[in-house]
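# Summary of the model geometry
The primary structure of each chain is shown beneath.
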Amino acid sequence: MKTADVIIIGAGGVGCAIARELSRYRLDITVLEKGCDVAGGTSGRNSAVVHAGFNNRPGSLMAGLCVEGNKGFEALCAQLDVPYKKTGKLIAAFDDEDIASLHHLIIQGETNGCSGLRIVRGEELRSLVPGTDAIAGMYSPETAIFDPFTYCIALAENALSNGVRFRLQREVIKIDAEQDGMFCVRTAAGETFRSRYLINCAGLYAGSISEMAGGESYRIYPCRGEYFILDKIAPEILPMPVYPAPKKGIGGLGVHLTPTMAGNIIIGPSAEYIDDREDYSCSREVMDKLLGEAETLLPAIDRKYIIGNYAGIRPKLAPPGEGGYRDFVIKEDERQPHLINLIGIESPGLTASYPIARRVRDILSQSLELAEKQDFIPDRKGPVRFRDLSEAEQKALIQKDPEYGRIICRCQKVTKREIRNAIENPLGARSISAIKYRAWATTGRCNGGYCLSRIVDMLVDEYGMNPAEITYRDPGSEMFTGNVK
């Protein structure tokens, strides 16, 4: 049985941010994650936008933490070597009702502490987003885009370097609150962990974890959003995220267009309440609807550019029929002391993740003495991206390590050394998706048609893995079965 001062359940963006913030202090911390890697749920299935904070109700935790997160996000990404770009954002209006909505957003945003929000029209509108047919727009200069996978991985790696233990594929199945004030946490892997403090960052399963620990009861409603991924055409037609003016009663921000750090465009999401928290399927009907709405925002969008799709599921507290948002719940449980619950952390949860972490730290400090480490390591250096280097830098790397001279992924120009570094990542994750999100292989227009077999060959021939054990993501997603020769 393993004992810690603090157990964090869930290694999404918020769980990893809390782990990294608490690693500043002399604490024994364990993170339990049911998936095979960090960011496997809601945190890795979103629009990858750093929100400014104008969409949320004034006075809410959502609004305050989002604005705080936005203002500190660039510096945090620089510290952790995470790709980040302040692009700005346009909220597009197509009629008078939409324009009235934009004015409301400006008032709301200014109340929340957002800066620089303004209505744009005519030539200024076209200069920001040349291809739009909108009659007006609201421009948000503080909105940015980033890489959510690298962000979560960076937080986790930095926490790890500061002594936090990460236990992947450790689904929590039972929690006993013992008489001595300790929590006894059992996992499906057969291990038992004990701690005096329990931080519940389980996302879609946070309600179940709270009840399991003897805490308050929460009803979380899974709301699925489907997305398209377009080829690398963003530099040509989409300089910044474009969103529609908000409509009443929807469960999200509406179907929008977002350029990615890699130059792709993301279309989505839809908003559909579902029962199954693991149903990440996509449907032709919904995807056709997404494409139609995207073409309204930007007529240059065309089906021929589509190279992939995915879905994410938001952990909503607002039930079907109500739509919109209910506020974050971040508090020590009233029934169960030392259980800190984070419930309903949907968008803008990633933007707000570090302020959320500081809020949890402050709650924890009310009953636990937090002594700062003198040797805390604040920085994390990200992996080398061969494709981003100059020709001279590439030649120097190849001379130093010939594996930089062998391209494994042609679409993204990822080298064998980059794949090896991803396989040998500090967290120990070895699924295809873990390699994908560290090296960015298999994400090009061929969807792994060229590189996947070469990555598998490395796992089998150089790391001794049985092909039948290689999974795309979690157990149950095995890539191969049996032999053909």
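To keep things clear, this report deals only with the structure shown in the data block. Each residue is numbered by its place in its chain's sequence as written, counting from 1. Confidence filtering applies because this is a predicted model: local features only for residues at pLDDT of at least 70, side-chain atom pairs given and counted only at 80 or more, and all residues used for totals across whole chains, interfaces and linings. Water and hydrogen atoms play no part in the side-chain values, which are based on all heavy atoms of the structure.

## A short note on the overall build of the protein
In terms of regular secondary structure, the protein is built from 13 helices and 22 strands. Over its C-alpha atoms the protein spans a radius of gyration of 23 Å, differing by no more than 12% from the 23 Å that the globule rule assigns to 485 residues. Once the C-alpha set of the protein is aligned to its principal axes, its extents read approximately 65 × 60 × 45 Å. Between buried and exposed lies partly exposed: a residue is buried under 20% and exposed over 50% of the maximum accessible area for its type, with that area taken using a 1.4 Å probe on protein chains only. With 485 residues in all, the protein has 57% of them scored as buried. Contacts are residue-level and defined by heavy atoms, with any inter-residue pair within 4.5 Å sufficient. A separation of at least 24 residues holds for 71% of the contacts in the protein among residues at least 6 apart in sequence. Counting every atom, the protein has about 20500 Å² of accessible surface; 48% of that belongs to carbon and sulfur. Only four residue types enter the tally: Lys and Arg on the positive side, Asp and Glu on the negative side, with His and both chain ends excluded. Lys charges are placed at NZ, Arg charges at CZ, Asp charges at CG and Glu charges at CD. Side-chain charges of the protein comprise 59 positive and 63 negative groups, with the mean position of each set lying 3 Å from the other. Secondary structure elements are taken from DSSP: a helix is a run of H or I of four residues or more, a strand is a run of E of two residues or more, and numbering for both begins at the N terminus. With C-alpha atoms as the basis for the radius of gyration, the globule rule is written as 2.2 Å multiplied by the number of residues raised to the power 0.38. In these tables, accessible area is a Shrake-Rupley quantity obtained with a 1.4 Å probe, and a residue counts as shielded only by the protein chains included in the view.

## Quick look at the sheet that holds strand β8 (residues 144–146)
Strands are treated as partners if at least two bridges between them are detected by DSSP. Pairing is antiparallel across the open sheet formed by three strands, whose spatial order is β3-β8-β4. The open sheet has two edge strands with one neighbour each: β3 (49–50) and β4 (84–85). As judged from the two bridges shared by β4 and β8, these two strands associate in the antiparallel manner. Counterpart to tyrosine 84 in the pairing with β8 is phenylalanine 146.

## Observations regarding the packing of aromatic side chains
Side-chain rings of Phe, Tyr and Trp (the six-membered ring for Trp) are treated as a pair once their centres are within 6.5 Å; stacked means planes under 30 degrees apart, edge-to-face means over 60, and tilted covers the remaining angles. Enumeration according to the criterion identifies 10 aromatic pairs in this entry. The interplanar angle of 5° and the centroid separation of 3.7 Å between the aromatic rings of phenylalanine 149 and tyrosine 437 together place this pair among those described as stacked. On the criterion of sequence distance, the pair formed by phenylalanine 149 in helix α5 (residues 148–161) and tyrosine 437 in helix α12 (residues 432–439) is long-range, its members being 288 residues apart. Their ring planes at 80° and their centres at 6.5 Å tell us that tyrosine 221 and tyrosine 273 sit as a pair that is edge-to-face. Of this pair, tyrosine 221 sits in strand β13 (residues 221–230) while tyrosine 273 sits in strand β17 (residues 272–273), and the two are 52 residues apart along the sequence. Residue class for tyrosine 221 comes out buried when judged on its relative accessible area of 18%.

## A word on the pairing of strand β18 (residues 306–316)
Most of β18 sits out of view: nine of its 11 residues are buried. Pairing of β13 with β18 involves 10 bridges; the strand directions are antiparallel. Paired with glycine 225 across the two strands is glycine 312, which belongs to β18.

## As for the pattern of salt bridges
By definition here, a salt bridge exists when the distance from a side-chain nitrogen of Lys or Arg to a carboxyl oxygen of Asp or Glu is within 4 Å. Counted by the stated rule, this structure contains 34 salt bridges. Notably, a salt bridge pairs lysine 395 with glutamate 391, separated by 3.4 Å at the nearest N-O pair. Of this pair, lysine 395 and glutamate 391 both sit in helix α10 (residues 391–400), four residues apart, which is roughly one turn of the helix. Residue lysine 395 shares its accessibility class with glutamate 391, and that shared class is exposed. Among the ionic pairs, lysine 416 bridges to glutamate 462, the shortest N-O distance being 2.9 Å. Within this pair, whereas lysine 416 is found in helix α11 (residues 416–423), its partner glutamate 462 is found in the segment after α13 (452–461), the two being separated by 46 residues in sequence. A single network of salt bridges, built from pairs that share partners, joins Asp401, Glu403, Lys416, Arg417, Arg420 and Glu462.

## Overview of the side chain of threonine 87
Mapping threonine 87 onto the fold places it in the loop between β4 and β5 (89–93). Accessibility expressed as a relative area gives 11% for threonine 87, which makes it buried. In this view, threonine 87 contacts Tyr139, Thr143, Ala144, Ile145, Pro239, Met240 and Pro241; residues no more than four positions away in its chain are not counted.

## Observations regarding the nonpolar core
Generally speaking, a soluble globular protein has its nonpolar side chains buried in company with each other. In these notes, a set of buried Ala, Val, Leu, Ile, Met, Phe, Trp, Tyr and Cys residues joined through side-chain atoms within 4.5 Å is what counts as a nonpolar core. Core analysis: the largest hydrophobic core is formed by 57 residues, its most contacted members being Ile18, Tyr151, Ile199, Ile330, Leu342 and Ile356. Among the elements that line this core, the one with the most residues is α5, at eight residues. Listed in part, the 28 residues of the second largest apolar core include Ala92, Val129, Leu238 and Leu297.

## With respect to α11
In terms of residue burial, α11 counts as a mostly covered element, since seven of its eight residues are buried. If you check which residues of α11 are buried, you get Lys416, Arg417, Glu418, Ile419, Arg420, Ala422 and Ile423. On its buried side, α11 packs onto β21 (407–409), β22 (414–415), α12 and α13.

## A look at the state of the cysteines
When the sulfur atoms of two cysteines come within 2.5 Å, that pair is taken as a disulfide. If you walk through the whole model with that rule in mind, you get zero disulfides. Cysteine 201 takes part in no disulfide bond, and the closest cysteine sulfur to it belongs to cysteine 16, at a distance of 9.2 Å.

## Here we look at the pairing of strand β7 (residues 136–140)
Counting buried residues along β7, five of its five residues qualify, which places the element largely inside the surrounding structure. Both β5 and β7 contribute to a ladder of five bridges, which runs antiparallel. Its bridge partner being in β7, leucine 90 is matched across the sheet by tyrosine 139. Summarising the sheet, strand β6 (residues 118–120) and β7 pair through three bridges and their orientation is antiparallel.

## Let's talk about the side chain of glutamate 33
Mapped onto the elements of the fold, glutamate 33 is located in the loop between β2 (29–32) and β3. Of the buried charged residues, glutamate 33 lacks a salt bridge, with lysine 34 as the closest side chain of opposite charge at 5.9 Å. By the criterion applied in these results, polar contacts are pairs of N or O atoms within 3.5 Å in which, for protein atoms, one can donate a hydrogen and the other can accept it, and in which residues neighboring in sequence qualify only through two side-chain atoms. Polar contacts involving the side chain of glutamate 33 include one to the main-chain amide nitrogen of glycine 35, which spans 2.7 Å. The residues contacting glutamate 33, other than those within four sequence positions of it, are Gly10, Ala11, Gly12, Arg167, Leu168, Gln169, Arg170 and Glu171.

## Details of the environment of isoleucine 175
Mapped onto the fold, isoleucine 175 is located in strand β10 (residues 172–177). Using a relative accessible area of 5% as the deciding quantity, one classes isoleucine 175 as buried. Each C-alpha atom, one on isoleucine 175 and one on isoleucine 29, is 17 Å from the other, the two residues being 146 residues apart in sequence. Isoleucine 175 has contacts with Ile9, Phe183, Cys184, Val185, Leu198, Ile209, Met212 and Ala213, leaving out every residue within four places of it along the chain.

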